[in-house]
Amino acid sequence: MRKMKATASLGYLLLLLLFLPDRWAFAQQTTQPVADSPNAPFTLKNGDRVVFLGNSLFENDYQYGYLELALTTRFPDRDVTFRNLGWAGDNVYGVARSTITNPPTGYQLLMEHLTKTQPTVVFLAFGGIEAQDGEAGLPVFREGLLKLLDKIDQLGARAILLSPIPVLSSDTIAHKAQNNALLEVYSSAIAKIASERGKRFIDIYKPVQELSKTVALTENGIHLNENGYYYLATLLEKSLGLAPRAETVSVNVSKTGAEAATPAKMVNAGKDAATLIFTMDEKYLPLPQPAGLAEKTTNARVLKVTGLKKGFYKLTTENQEVVTASAKDWENGVLIQQGPSFNQVNEIRHMILKKNDLFFFQYRPPNTTYILGFRAYEQGRHVKGLEEQSFIIKWLESQVALNRAPRSSVYQLTLLK
């Protein structure tokens, strides 16, 4: 379920937004389908507008922001905006979007929400709700998904289809097995449709099922928790063919000094190996793992320093201790899990969450009937307030854009005495 949060006031941000460059405005939408070979390298370009459309699989990421954070930091030189249109309990016909104001119907609202975002890339996550109708519901699901793909093509956007995730717990083992058998059937149907239409398909069913054997990925066996969304983001990156974020940085200490391999550069050649000073340049900001995740993942930089004398060495940067390890550990490689880049990406994540909060209450306010529906004569004046949320949303997006590129940092490795 969506957690309710209060929105921010406009304040002085309105003045700042008056001077935002035109590049933040939406470009004119094309009407021709965009070619996107499933086997071609995935990329985002300047001006792309990415939409996450589906059920609770997407909606619940509002609480964590991992999916948007992953793609934002993957393309730090591209101006890309993101909108999350996930809706808990929704299907390809938009049934969960229905309100007591009818018309518009749930399906009409689904089309309205999608069209208004002017997407160029749409991630689709459906099938989890529809699978409850059993195999008898497959023809209706197929028809609805094909119509939705037609609409996305009409809008000139690329579509990327995701499978549902498995049920990871249930009342009984038999009930769980029955539900998962149907989810696999619908996953296969989605994969087949993607193949027929030449769309990308990402199977997250099997990877999530495998990961769940070692990591708690859900809060109730059905909805992903923070660990689940962290791993879902990494699964998407891998499935889209994006290069691993993690890289190993090497520094070698010898009798003549110290040498560093790209992307590190020595500042102090370090003839006195007790103190090494060097810079590290990152291609991407790291994707910070959840604080409660016991397993240390390799989704971050590894620093190897060979040739050190025996002892313990402390790595610092910007007056912040990063990690302390033995010479043997440094030789084998130490995972860097904190530092300036982590501080930077956590600030970006915070801005993404604030922006998504504002957008959530803008496009689906809790008192919709009174503001937009048949009782708008009572509170319809608040429509203007909803529209004004766009000013803060765009300002937050501009701040993300200014901070999403990695910055070079100076590190110091010192022998503890």
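For the structure, see preceding data.
Residues numbered from 1 in each chain as written. Predicted model: local features only at pLDDT ≥ 70, side-chain atom pairs only at ≥ 80, totals over all residues. Heavy atoms only, no water.

Caption draft 1: Quick peek at the overall build of the protein chain. Along its length, the protein chain carries 13 helices and 14 strands. When each of the 417 residues of the protein chain is scored for burial, the buried share is 51%. For the protein chain, restricting intrachain contacts to residue pairs at least 6 apart in sequence, the fraction spanning at least 24 positions comes to 75%. As displayed, the protein chain offers around 19,900 Å² of accessible surface, 54% of which is attributable to carbon and sulfur atoms. (Helix = DSSP H or I, 4+ residues; strand = E, 2+ residues; numbered from the N terminus. Buried < 20%, exposed > 50% of the residue type's maximum accessible area, 1.4 Å probe, protein only. Contact = heavy atoms within 4.5 Å. Areas by Shrake-Rupley, 256 points an atom, 1.4 Å probe, with all protein chains shown as cover.)

Caption draft 2: Region of interest: the environment of glutamate 219. Secondary-structure assignment places glutamate 219 in the loop between helix H7 (205-211) and helix H8 (226-239). Taking relative accessible area as the criterion, glutamate 219 reaches 48% and is therefore assigned partly exposed. Not counting the four nearest positions on each side in its chain, glutamate 219 is found in contact with Tyr64, Leu224 and Asn225.

Caption draft 3: Region of interest: the sheet that holds strand S9 (residues 275-280). If you trace the 5 strands from one edge of the open sheet to the other, you get S8-S9-S14-S11-S12, paired in antiparallel fashion. The open sheet has two free edges, formed respectively by strand S8 (264-268) and strand S12 (320-326), since each of these has just one partner strand. Sheet twist, expressed as the mean angle between neighbouring strand axes with direction ignored, is 25°. As defined by bridge partners, strand S11 (residues 312-317) adjoins strand S14 (residues 409-415) across 5 bridges and the pair is classed as antiparallel. Across the sheet, threonine 316 pairs through a bridge with glutamine 412, a residue of S14. (Pairing = 2+ DSSP bridges. Axes fitted to C-alpha atoms, helices over the stretch in contact; angles between N-to-C directions.)

Caption draft 4: Just the sheet that holds strand S10 (residues 302-306), in detail. Sheet architecture is open: 4 strands sit in the order S7-S6-S10-S13, paired in mixed fashion. With one partner strand each, in any of the chains shown, strand S7 (257-260) and strand S13 (334-335) form the two edges of the open sheet.

Caption draft 5: Expanded view of helix H10 (residues 340-363). An ideal rise of 1.5 Å per residue puts 34 Å on 24 residues; H10 measures up with 35 Å between its terminal C-alpha atoms. Judged by how many residues are buried, H10 sits mostly within the fold: 19 of 24 residues are covered. (Expected span 1.5 Å × (residues − 1).)

Caption draft 6: Representation of the packing of aromatic side chains. Throughout the structure, instances matching the rule amount to 15 aromatic pairs. Here the aromatic cluster, defined as three or more aromatic residues joined through ring pairs, consists of Phe42, Phe52, Phe58, Phe75, Phe82 and Phe123. Between arginine 349 and the ring centre of tyrosine 66, over which it is positioned, the NZ or CZ distance is 4.3 Å. (Phe/Tyr/Trp six-rings, centres within 6.5 Å; stacked < 30°, edge-to-face > 60°. Lys NZ or Arg CZ within 6 Å of the ring centre and 35° of its normal.)

Caption draft 7: Summary view of helix H6 (residues 173-197). Between its first and last C-alpha atoms H6 spans 36 Å; for 25 residues at 1.5 Å apiece the expected length is 36 Å, and the two agree. Within the sequence span of H6, burial applies to Asn180, Leu182, Leu183, Tyr186, Ser187, Ala189, Ile190, Ile193 and Ala194. Residues of H6 that are buried sit in contact with helix H5 (138-154), strand S4 (158-162), strand S5 (200-202) and H7. Among the residues trailing H6, glycine 198 stands out with phi positive, at a value near 70°.

Caption draft 8: Quick peek at the pattern of salt bridges. Under the definition given, this model contains 16 salt bridges. Two residues, aspartate 79 and arginine 404, come together in a salt bridge whose shortest N-O distance is 2.7 Å. Taken together, the residues span a long stretch of sequence, with aspartate 79 in the loop between helix H3 (66-74) and strand S2 (81-84) and arginine 404 in the loop between helix H13 (383-403) and S14 at a distance of 325 residues. The pair formed by aspartate 79 and arginine 404 is uniform in burial state, with each residue classed as buried. A salt bridge links arginine 197 to aspartate 150; the nearest nitrogen and oxygen atoms lie 2.8 Å apart. Of this pair, arginine 197 sits in helix H6 while aspartate 150 sits in helix H5, placing them 47 residues apart in sequence. (Salt bridge = Lys/Arg side-chain N within 4 Å of Asp/Glu carboxyl O.)

Caption draft 9: How the structure looks around the nonpolar core. In this structure, Leu44, Leu53, Phe123, Leu124, Leu148 and Leu162 are the most contacted members of the largest nonpolar core, which totals 86 residues. In terms of residues, this core owes the most to one element, H10, which gives 9 residues. (Core = buried A, V, L, I, M, F, W, Y, C linked by side-chain atoms within 4.5 Å.)

Caption draft 10: Looking closely at the pairing of strand S3 (residues 121-125). Burial within S3 is extensive, with 5 of its 5 residues counted as buried. Side chains Val121, Phe123 and Ala125 of S3 all project onto a buried face; the interleaved residues Val122 and Leu124 project onto the opposite face, where all are buried too. Here strand S1 (residues 49-54) runs beside S3; their pairing, made up of 5 bridges, is parallel. Across the sheet, residue glycine 54 finds its bridge partner in S3, namely alanine 125. Note: S3 against S4, 5 bridges, orientation parallel. From the neighbouring strand, phenylalanine 123 faces S4, where its bridge partner is isoleucine 160. A crossover links S3 with its parallel partner S4, the connecting element being H5, and its sense is right-handed. (Right-handed = clockwise from strand over helix to strand, strands pointing away.)

Caption draft 11: Focus on the side chain of threonine 73. With respect to the element layout, threonine 73 can be found in helix H3. Residue threonine 73 is classed as buried on the basis of its relative accessible area of 0%. Within the local environment of threonine 73, its side chain forms a polar contact with the backbone oxygen of alanine 70, the two atoms lying 3.2 Å apart. The contact partners of threonine 73, leaving out residues within four places of it in the chain, are Arg245, Tyr284, Leu285 and Val345. (Polar contact = N/O pair within 3.5 Å; in protein donor to acceptor, adjacent residues only side chain to side chain.)

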